[in-house]
Amino acid sequence: MARSLLCKAVGVFRLSGTGPRFCSRSEPEPLTTNNLEQPQEEERSVSVHAGVPQRKPPRRRGQRGPQSCCHIRGPVFSSGHDLKELTSAQGREYHTKVFHTCAEVMTLIQDIPVPVIAMVNGVATAAGCQLVASCDVAVATEKSTFATPGVNVGLFCSTPAVAIGRAVPRKVAMEMLLTGTPISARDALLHGLISRVVAEERLEEETLAIARRVCRASRPVVALGKATFQRQMAQGRDAAYATASKVMVDNLALRDGQEGIRAFIEKRKPVWSNKAEKAHD
């Protein structure tokens, strides 16, 4: 259900008094910044409520979709799951729902056609670190830290390990998972968990600069490229080349694919249709 709701919309993380929620949003502007604010004394946990998608219908059809920025202000980016939801009082069925919901949200981030950017200014632990690892791009401040401390409270971070283990080298992931020791933003950058480290006062400016740069490209081309990258990364070398080669041919058949080539040859800026229309078969 959530997948169908979000396939043509932008993913937005919203924080409310009851915890973060995941919903979909479509706006006519080329770029939408979502400020996810909460009082600094409150930690942001990933609640089961995060998996209840809410759909706002698009205002205009055929409009270029906005980029999605997970932008959370305060000392904690996300502290992971709400441990109060994980006691025996809730029971196995509820616990299953919690982790199924979280996995669905993380998967949707990578499956929706719109790029998702994390803007981190604080602590990201457990499922919060998983959230960062799941995003397409992540920008963090010098003071940000990342950890998977579940092992220290008797709950190994097995689901965060899925995303983190695909973002950083195996031995780095295992050290994080086995010890729960936080790593700095610089180490997170070194190991590939985040895209860049910036000064706190430049965080929003640097993040939006990336988003605006992505917005200059054709929407269907970006969507095709994102989907293909995710698909081929799960394949062996030969299968990945076969997949990517076919997609390159499909890309060339797009109206915007041909427009980009013509614009390059004619030494002008391309005029994107932002529609997945074919120029030829």
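Above this text is the structure in question.
Structure report, in brief. Worth saying up front: this structure is predicted, and the values here are computed from it rather than measured.

Let us now look at the overall build of the protein. A tally of regular secondary structure across the protein gives 10 helices and 13 strands. Excluding contacts between residues fewer than 6 apart, the proportion of contacts in the protein whose partners are at least 24 apart in sequence is 68%. Of the roughly 15,100 Å² of accessible surface on the protein, 55% is carried by carbon and sulfur atoms.

Moving on, we come to a nonpolar patch on the surface. A cluster of nonpolar side chains, namely L252, I261, F264 and I265, defines an oily patch on the protein surface of about 440 Å² accessible area. When residues in the nonpolar patch are grouped by element, the largest group, 3 residues, is from helix 10 (residues 255-265). Its location among the elements puts I265 in helix 10. When its relative accessible area of 61% is taken as the criterion, I265 is described as exposed.

Turning our eyes to something else, we now look at the layout of surface pockets. Estimated volume of the largest pocket: approximately 900 Å³. Lining the largest pocket are 31 residues, and of these Q110, A133, R166, F229 and Q230 lie nearest its centre. Of all the elements, helix 2 (residues 91-111) adds the most residues to the lining of the largest pocket, at 7 residues. For the lining of the largest pocket, the class distribution of residues is 19 nonpolar, 8 polar and 4 charged.

This part is about the nonpolar core. Ranked by internal contacts, the top residues of the largest apolar core, which has 29 residues, are V132, F146, I164, L193 and I194. Ranked by the residues each element gives to this core, the list is headed by helix 3 (residues 127-134), at 5 residues. Discounting residues that sit within four places of it in the chain, L193 has contacts with C129, V132, A133, A138, F146, A167, V168, I183 and A188. Membership of the second largest hydrophobic core comes to 7 residues, among which are V139, V198, I210 and A211.

Rules used in this analysis
Residues numbered from 1 in each chain as written. Predicted model: local features only at pLDDT ≥ 70, side-chain atom pairs only at ≥ 80, totals over all residues. Heavy atoms only, no water. Helix = DSSP H or I, 4+ residues; strand = E, 2+ residues; numbered from the N terminus. Contact = heavy atoms within 4.5 Å. Areas by Shrake-Rupley, 256 points an atom, 1.4 Å probe, with all protein chains shown as cover. Patch = residues over 30% accessible without salt bridge, like charges linked within 9 Å, V, L, I, M, F, W, Y side chains within 5 Å. Salt bridge = Lys/Arg side-chain N within 4 Å of Asp/Glu carboxyl O. Buried < 20%, exposed > 50% of the residue type's maximum accessible area, 1.4 Å probe, protein only. 1 Å grid on protein atoms, 1.4 Å probe; cavity = no way out; pocket = protein on both sides within 12 Å on 5 of 7 lines; lining within 4 Å. Points joined across faces, edges and corners; volume = space filled by probe spheres on them. Nonpolar A, V, L, I, M, F, W, Y, C, P; charged D, E, K, R; others polar. Core = buried A, V, L, I, M, F, W, Y, C linked by side-chain atoms within 4.5 Å.

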